[in-house]
Amino acid sequence: MSQNKSTSELYKELHSSIEQEKMYWIRNDAKVRAAVTSKSYDEFREIVAAAHLKPISKKDITEKKQLSWNKSKMN
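As recorded in an unreviewed UniProt entry, the protein goes by Dynein attachment factor N-terminal domain-containing protein and comes from Exocentrus adspersus.

As structure tokens, this is what we get:
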């Protein structure tokens, strides 16, 4: 490694380390919960794999976004 890292490189490295640490603890908490509640290893694995996902709110469900796959229709 170079002794003269720029400030932006150090910031990127710090930000990356913080994000990795957050994910570690999110997954660890999910493992602890899943160890108690899951009935099989597959269920345990699925709970841990989905630990980073956030639940959908009622607003997200009721909010309709106008999407059109046919761009020629919009013109």
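Now that the structure has been shown, we can carry on.
Focus: the environment of Glu9
With respect to the helices and strands, Glu9 occurs in helix α1 (residues 7-37). Within the local environment of Glu9, its side chain forms a polar contact with the backbone nitrogen of Ser6, the two atoms lying 3.1 Å apart.

A look at the packing of α1 against helix α2 (residues 41-49)
Between α1 and α2, whose axes approach to 8 Å, the crossing angle comes to 155°. Judged by the angle between their axes, α1 and α2 are roughly antiparallel. The handedness of the crossing between α1 and α2 comes out as right-handed. Residues Arg27, Ala30, Lys31, Ala34, Ala35 and Thr37 of α1 form the contact with α2, whose participating residues are Glu43, Phe44, Ile47 and Val48. In terms of residue class, the contact of α1 with α2 is built from 6 nonpolar, 1 polar and 3 charged.

Parameters and conventions
- Each chain has its residues counted from 1, following the order in which its sequence is written.
- Given that this is a predicted model, residues contribute local features only at a pLDDT of at least 70 and side-chain atom pairs are listed and counted only at 80 or more, while totals for whole chains, interfaces and linings are drawn from all residues.
- Only hydrogens and water are set aside; all other atoms, that is, all heavy atoms of the structure, feed into the side-chain values.
- Runs of H or I in DSSP of at least four residues are treated as helices and runs of E of at least two as strands, each being numbered from the N terminus.
- Distance and chemistry together define a polar contact, namely a pair of N or O atoms within 3.5 Å, with one atom able to donate a hydrogen and the other to accept it when in protein, and with adjacent residues in sequence counting only for side-chain atoms on both sides.
- Only the stretch in contact is used when a helix axis is fitted, and all axes are lines through C-alpha atoms; the angle between N-to-C directions ranges over 0 to 180 degrees.
- By definition in this entry, angles of less than 35 degrees are roughly parallel, angles greater than 145 are roughly antiparallel, angles of 65 to 115 are roughly perpendicular, and the rest are oblique.
- Here is the rule for handedness: rotate from the far helix to the near one, and if that takes an anticlockwise turn smaller than a right angle the crossing is left-handed, while a clockwise turn gives right-handed.
- Contacts were defined at the residue level, with two residues in contact if any of their heavy atoms lie within 4.5 Å.
- Gly is placed with the polar residues, together with every amino acid not listed as nonpolar (Ala, Val, Leu, Ile, Met, Phe, Trp, Tyr, Cys and Pro) or charged (Asp, Glu, Lys and Arg).

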